[in-house]
Amino acid sequence: MSETEKRYRDFIGELPDKIKLVAISKTKPVDDIMELYELGHRVFGENKVQELTGKSESLPRDIQWHMVGHLQRNKVKYIAPFVSMIHSVDSQKLLNTIEKEGEKNERCIDCLFQVHIASEETKFGFSEEELITLLDNINPEDYPHVRVKGLMGMATFTEDLEKVRLEFKKLKSLFDSIRDNPAYNYPEFKEISMGMSNDYKIAIEEGSTMIRIGSLIFGERKYH
Ligand SMILES: *Cc1c(COP(=O)(O)O)cnc(C)c1O
């Protein structure tokens, strides 16, 4: 059994049934993805459009590809034909583009709004206020090719686990307030994508439904 296979089996063995696992395969070769595929795993995530489209073309058709990284509007067209979920919707303009490309491809694209919960400047996403303003100003009927499925957030990269927990709590309470507000009509608003290799346990305790795990399954990434 390979290291990747062993790590995956250990990870899945401990994971509560109701939590969805997106295996983040960025920088990893297609062979590593195939190892998990052969174990029955189908949901993979990438953070770059070029890598996502390249891998999707050389791997089995029934893989569900999630886009988890920052998405430029001019690149939506490359992933719109096949992407299973976009976790990183961070502006109305991007939402409009996804609607347009969904229509061209005659499909409805699952989307999450990315919310900026970390204290680092570099992470993308709406502030809570910006997201509420957006939701107050758009009509779901104008987006028949977008299915709003929930929220995504990334916590601050820190050893301070209480800070991480507070950020996840904030995302969960924003999620609840949107879901429970009758003014917003998103019947599929059910997912909170939060938790990565270093903080997924806290994320699950705080109500995550979907975790995005890379290094803990595929091993450390090497950038050069
Ligand atoms: C890389 C990445 C992950 C996975 O990170 P790990 O720490 O390797 O688990 C999750 N979400 C996003 C948006 C990423 O870019």
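Sequence order as written defines residue numbering, which begins from 1 separately in each chain. For a predicted model such as this one, the threshold for reporting local features is a pLDDT of at least 70, and the threshold for listing and counting side-chain atom pairs is 80 or more; totals across whole chains, interfaces and linings nevertheless cover every residue. Excluded from the side-chain calculation are hydrogens and water; included are all heavy atoms of the structure.

(A) Representation of the site of the ligand. Inspection of the region around the ligand gives I24, K26, V68, M154, M196, S197, R212, I213, G214, S215 and R221 as its neighbouring residues. For this analysis, a polar contact is any N or O atom pair within 3.5 Å, provided that within protein one partner can donate a hydrogen and the other can accept it, and provided that sequence-adjacent residues contribute only side-chain to side-chain pairs. Note that an oxygen atom of the ligand is positioned 2.5 Å from one of the side-chain N or O atoms of S197. Backbone polar atom of G214 to an oxygen atom of the ligand: 2.8 Å apart, as the coordinates give it. Accessibility throughout is a Shrake-Rupley quantity obtained with a 1.4 Å probe, and a residue counts as covered only by protein chains that appear here. Protein coverage of the free-state accessible area of the ligand, which is 390 Å², stands at 92%. Three classes are used: nonpolar for Ala, Val, Leu, Ile, Met, Phe, Trp, Tyr, Cys and Pro, charged for Asp, Glu, Lys and Arg, and polar for all others, with Gly counted as polar. Here the shell around the ligand is composed, by residue class, of five nonpolar, three polar and three charged. Residues are classed as near a molecule or strand on a simple rule: at least one heavy atom within 4 Å of it.

(B) Region of the structure containing the packing of aromatic side chains. Aromatic contacts are taken between Phe, Tyr and Trp rings whose centres are within 6.5 Å, Trp giving its six-membered ring; a plane angle under 30 degrees counts as stacked, one over 60 as edge-to-face, and the others as tilted. Inspection of the entire model under this criterion finds four aromatic pairs. For the pair F44 and W65, a centre-to-centre distance of 6.1 Å together with 45° between the ring planes defines the contact as tilted. Taken as a pair, F44 in strand 2 (residues 43-46) and W65 in strand 3 (residues 64-67) lie far apart in primary sequence, 21 residues in all. We note that F44, like W65, is buried. Residues F113 and F126 carry aromatic rings whose centres are separated by 5.9 Å and whose planes lie at 80° to one another, so their mutual orientation is edge-to-face. Of the two residues, F113 sits in strand 5 (residues 109-115) while F126 sits in the loop between strand 5 and helix 6 (128-137), which places them 13 residues apart along the sequence. By definition, any uninterrupted DSSP run of H or I lasting at least four residues is a helix, any uninterrupted run of E lasting at least two residues is a strand, and each is numbered from the N terminus. Any residue under 20% of the maximum accessible area for its type is buried, any over 50% is exposed, and the rest in between are partly exposed; the area is computed with a 1.4 Å probe on protein chains only.

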